[in-house]
Amino acid sequence: MFGIKFFKADAATYAIKTANGKVRRKGQGISFWYNPATASIACVPTSVQEASFIFNLQTDDFQEVRVQGQLSYRIVNPDQLAEVMNYTVSPRENRYTTEDPLRLDDRMIRFVQNRFQADIQAVKLREALKLTKQLMTNTQQGLADEPALQTLGIEVVDLSITGITPAPETVRALEAEARESILKEADDAIYLRRKAAVEQERTIREAELQTDLEVQKKEQEIKQEQVTNERNLMRARKEIEQERLQADIEAESQRIELVQLNAKNGKIEAQTQAYAIEAQLKAYQSIPVENLKAMAMGNMQADQLFAFAFDSLAQNAAKIGELNISPDLFSQLMKKAG
């Protein structure tokens, strides 16, 4: 029993125990006793491993670019890898007996480099600087179909590219070109802005002139409308005045006709009255004066009779010697007169 040792693999290690050329035990995270004189142990890590890389590649136009990134992979078939590469662990020193496990990262990076170089060499420098996403996609698909990786039992988990940069001299040249392009764009922007300002000013001026023209046309139309309205108003006033004059003429004509008719009627009436008076005078001429006086006195009032009496007295005053009139008679006459 002397010389027998105990081995225990961790959870992320796949251990293979081989004795006398035959695999006696294998598995992930297993533990067992073994005799270092007759047995060997291979330990294959199954956790995800990461390998950083920096490649200096050449584009189609012979420009150097630097591609920097990181590859993540894991061993999905440890038995298959252990058959191809030596993962034997020294029981005394507790380390790998060969450098095969250390070379695995280099081998994986070479696969990535070959894929990168194929894509970078197919494009120009400017296109290569924008190739990050496409480069990652193409490389992952290529590594998934890589027969050598399938033989090794390795699966690519992730691939990331942190940057694709040209040489420092090229960077300065590109910066200068980009700077000149930006300055040109700035100059173009200033020119376009000034051109737009001039065009805008011209548009505004044309709009102002057009507005002035429209205003003048509108004012002219208003003036013409005012003249037309004034003409219509004068015409209406003239028509009204003519109508008023015509009405006055007609009224005067009617008035003349009325006056003529009144005159004619008055003449006829006067002729009638004259004829009646003439007839009466002829009738009175045939009647004695005394009878006429008697007829007149028959229709007179008392005061008229007094007046007639005094008139007769006045006519015969020479024949009257003395006449006495009492005041009572005058007072009665005044009362009737009042």
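Residues numbered from 1 in each chain as written. Predicted model: local features only at pLDDT ≥ 70, side-chain atom pairs only at ≥ 80, totals over all residues. Heavy atoms only, no water.

S.K.: For this particular structure, what's the right way to read the overall build of the protein?
M.R.: In terms of helices and strands, the protein carries nine helices and 10 strands. Here the protein, with 338 residues, has 20% of them falling under the buried criterion. (Helix = DSSP H or I, 4+ residues; strand = E, 2+ residues; numbered from the N terminus. Buried < 20%, exposed > 50% of the residue type's maximum accessible area, 1.4 Å probe, protein only.)

S.K.: Honestly, the packing of aromatic side chains in this entry has me stumped. Any pointers?
M.R.: For the structure on display, the rule yields seven aromatic pairs. Plain terms: the ring middles of phenylalanine 32 and tyrosine 34 are 6.2 Å apart, the flat faces sit at 70° to each other, and that makes the pair edge-to-face. Residue phenylalanine 32 shares its accessibility class with tyrosine 34, and that shared class is buried. Pairing phenylalanine 53 with phenylalanine 55 gives two aromatic rings, centres 4.8 Å apart and planes at 15°, and the pair type is stacked. Residue classification places phenylalanine 55 among the buried positions, given a relative accessible area of 4%. (Phe/Tyr/Trp six-rings, centres within 6.5 Å; stacked < 30°, edge-to-face > 60°.)

S.K.: Would you take a moment to explain the pattern of salt bridges for this structure?
M.R.: Where side chains of opposite charge bring their charged atoms close, a pairing between them can arise. Per the stated rule, a full pass over the model turns up 11 salt bridges. Between arginine 115 and glutamate 146 there is a salt bridge whose closest N-O contact spans 3.2 Å. Of this pair, arginine 115 sits in helix 2 (residues 100–120) while glutamate 146 sits in the loop between helix 4 (132–144) and helix 5 (147–152), and the two are 31 residues apart along the sequence. Across the pair glutamate 208 and arginine 205 runs a salt bridge whose closest N-O atoms are separated by 3.4 Å. Of this pair, glutamate 208 and arginine 205 both sit in helix 6 (residues 168–285), three residues apart, roughly one helical turn. (Salt bridge = Lys/Arg side-chain N within 4 Å of Asp/Glu carboxyl O.)

S.K.: Is there a simple way to explain a nonpolar patch on the surface in this structure?
M.R.: Together, Ile4, Phe6 and Trp33 make up an exposed nonpolar region whose accessible area comes to about 330 Å². Among the secondary structure elements, phenylalanine 6 is positioned in strand 1 (residues 5–8). Under the relative-accessibility criterion, phenylalanine 6 is labelled partly exposed at 44%. (Patch = residues over 30% accessible without salt bridge, like charges linked within 9 Å, V, L, I, M, F, W, Y side chains within 5 Å. Areas by Shrake-Rupley, 256 points an atom, 1.4 Å probe, with all protein chains shown as cover.)

S.K.: Got a minute to help me understand the sheet that holds strand 2 (residues 13–19) in this structure?
M.R.: Within a sheet, each strand pairs with its neighbour through backbone hydrogen bonds, oriented either parallel or antiparallel. Ordered in space as 3-2-5-8-9, the five strands form an open sheet in which the pairing is antiparallel. The open sheet has two free edges, formed respectively by strand 3 (22–28) and strand 9 (95–96), since each of these has just one partner strand. Pairing between strand 8 (residues 88–90) and strand 9: two bridges, direction antiparallel. Opposite valine 89, over in strand 9, you have tyrosine 96 as the bridge partner. (Pairing = 2+ DSSP bridges.)

S.K.: So what exactly am I meant to see when it comes to the side chain of glutamine 49 here?
M.R.: Checked against the element boundaries, glutamine 49 lands in strand 6 (residues 49–58). The exposure class of glutamine 49 is buried, given its relative accessible area of 19%. Apart from residues lying up to four places away in sequence, glutamine 49 is in contact with Leu71, Ser72, Tyr73, Ile75 and Asp105. (Contact = heavy atoms within 4.5 Å.)

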